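Listed below, chain by chain, are the residues.
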Amino acid sequence: MRLPAPTKSQPVRTEQIILFRVSGQLFAVSSASVKEVRSVDTLSGAAKEIAQAGLRKVRHIVQRGEHSLYVVNGAMHFGLPPFAPALVFVLRRTRTALLVDGIEKMTTMTRLQALPQAFCNDERDWYRGVTAIDQTVVPVVKPEGFLTPDELFLLDSSLQSNGSAGLDSTIPDESPSEATLLESSSNVAVNSEPSAAPLGFKGAGLDPTPSIIDPSSLPQ
Amino acid sequence: MSPQTQTDSESFVLLRLAERRFAVAAGDIAELVAPSRIFRFPHHTKEIEGVILRRGRIVPVCDVAARLIGKSLLSRRFYLIAQRRYTNGTEWIALPVTGDCELIFAEMIPASEADLPPVSGWLSHDGDVIEVLNLNALTPGPNPTILPAPTESLQQQEALS
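Cut-offs and rules
- Residues numbered from 1 in each chain as written.
- Chains lettered and ligands numbered in written order.
- Predicted model: local features only at pLDDT ≥ 70, side-chain atom pairs only at ≥ 80, totals over all residues.
- Pairing = 2+ DSSP bridges.
- Helix = DSSP H or I, 4+ residues; strand = E, 2+ residues; numbered from the N terminus.
- Axes fitted to C-alpha atoms, helices over the stretch in contact; angles between N-to-C directions.

(A) Structural context of the sheet that holds strand β8 (residues 96-100) of chain A. All names here are of chain A. Read from one edge to the other, the open sheet built from 6 strands follows the order β3-β7-β8-β6-β5-β4, with strand pairing classed as mixed. Where the open sheet ends on each side, the last strands, each with one partner, are β3 (34-39) and β4 (47-49). Neighbouring strand axes in the sheet, compared pairwise and without regard to direction, differ in orientation by 30 degrees on average. Inspection of the sheet shows strand β7 (residues 87-91) paired to β8 by 4 bridges, in the antiparallel sense. Residue V88 lies in a different strand from β8, and its bridge partner there is L99.

(B) The sheet that holds strand β2 (residues 20-25) of chain B, seen in detail. Residue and element names in this part refer to chain B. What the 6 strands build is an open sheet, ordered β8-β1-β2-β11-β10-β9; its pairing is mixed. Of all the strands in the sheet, just β8 (102-106) and β9 (109-110) have a single pairing partner and so form its edges. Of the strand pairs in this sheet, strand β1 (residues 10-17) and β2 are connected by 6 bridges, and their pairing is antiparallel. The residue bridging F12 from the neighbouring strand is A25, located in β2.

(C) Inspection of the environment of B:R57 at higher detail. Its place among the elements puts B:R57 in strand β5 (residues 57-62). Counting along the chain gives 25 residues from B:R57 to B:L32, while the straight-line C-alpha distance between them is 15 Å.

Below you can see the structure in the form of structure tokens.
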């Protein structure tokens, strides 16, 4: 008698996420959506101030090669109290650089629940869904949700009318590739879980490079 | 109870919001749970306080008291977990209540055009006339029903009842 072949259990799909805080509030973003993590110090001097009436969350623009990145204040975007941002996330496949307080840790999520349909306003554009990490519910942000097409149009129009030719500021790259300014995981205790990937994992393009951030300022 | 009455009776869960009682069709109720930690994050749906974790699900908490009795609840004793129907499925929603809930069997009188959208009907219980709630109209959703200001109309109805 032949025994039935053992069924292979489906591997659990996981997604690497970065838990970060904006004005004290915890959020998550897919690591793969974050192209770079920089200290805000590296933006000073590279960012040019813009004033777009009606869009207070964007006060600066950074020219990045052929593209301009709009620096979005996370607290203003979410309607949270003002804060002093320490880091900026350059979000992949968007024109958004997001100002945040800092990184809580990196971890993996195994389940992303769609945002309950009872949430029926702007937040549907802000979040991909919600996940539970260590018995805490964390909203997972949608990178493209920080600037709507209308807002981008408004910003682009404003730049053109103000003569954007003068925007020659650029973020200095420390490496020819996409650089991150965080230390390698051995020095940055952002992985509190065994399943968490090191900071320098390739999926998010977070290659370990010399850091400008003081590692002691990151959570241990 | 006559056979005819038994046939027409439906089961309802009575819930208490401050001094008032309302009814919800028992088939729409999943469970009654003790209050647990509410997780809050930024959003613009003002009726939603936050979410709770229940049986692995993330359930939004909707305080319907403001709409029904004109003021938010200062204290809450339980969350009544109800099923909210949407065009593409059903989801749980947690309604804070201030007292014990009770399962009753009663005959519902359907709402008339004069009733507000959150009221799907009326029933009589223990000498009280109790509004049966329409959760689809009462709680927010992708296509929210525009509800008129609650307090005045409901108070008028209460006075009439």
